[in-house]
Amino acid sequence: MSEHIVSPKVYFAIFAALMIGTTLTVWAAFQNFGKFNIVIALSIATVKATLVVLYFMHARYSPKRTQLVIVCSVFWLAIMLALTLTDYDTRSHEMQPGVSRLDRPAAPYSFTA
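This structure is a prediction, so every number in the text was calculated from the model and none was measured. (Residues numbered from 1 in each chain as written. Predicted model: local features only at pLDDT ≥ 70, side-chain atom pairs only at ≥ 80, totals over all residues. Heavy atoms only, no water.)

Which residues make up the overall build of the chain, and what are the values?
Assigned secondary structure in the chain consists of 3 helices and 0 strands. Going residue by residue from the N terminus, the α and β elements of the chain occur as α-α-α. For the chain, the proportion of its 113 residues judged to be buried stands at 9%. A separation threshold of at least 6 residues defines the contact pool for the chain, and within that pool the share at least 24 residues apart is 49%. (Helix = DSSP H or I, 4+ residues; strand = E, 2+ residues; numbered from the N terminus. Buried < 20%, exposed > 50% of the residue type's maximum accessible area, 1.4 Å probe, protein only. Contact = heavy atoms within 4.5 Å.)

Quick one: what's the story with helix α2 (residues 37–56), residue by residue and with numbers?
For α2, built from 20 residues, the straight-helix expectation of 28 Å at 1.5 Å per residue is met to within 8% by its first-to-last C-alpha distance of 28 Å. Against α1 (8–29) lie the buried residues of α2. After α2 finishes, the residue His-58 shows a positive phi value of roughly 60°. (Expected span 1.5 Å × (residues − 1).)

For the packing of aromatic side chains, give the residues involved together with the corresponding values.
Tallied over the full model, the rule gives 2 aromatic pairs. Each ring, one from Tyr-11 and one from Phe-56, has its centre 5.6 Å from the other, and the planes form 10°; the classification is stacked. Taken together, the residues span a long stretch of sequence, with Tyr-11 in helix α1 and Phe-56 in helix α2 at a distance of 45 residues. Accessibility expressed as a relative area gives 36% for Phe-56, which makes it partly exposed. (Phe/Tyr/Trp six-rings, centres within 6.5 Å; stacked < 30°, edge-to-face > 60°.)

As structure tokens, then:
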């Protein structure tokens, strides 16, 4: 099995891109984008994670079967996230004015004997 040799220039370029991504993440954390805060944060994180997987974990130069496993894993993660967000979307998120989440009554059932 032959291994692919990656130039140090590529590693430095990816490192620089990750540092820019980290700076962008910190900057975005202090901005108010309304409903898009989570979308922007997850987009930046996805790009950074993709760079790490492709270059530092050598997925870009791996055999097709390994790439297929990675794609299937990402697809499975998307299914799990979609199901979780669907469940989250069906729950009530309204809070009574002046009532803290910690002040709400406990669940109507108890598992203590």
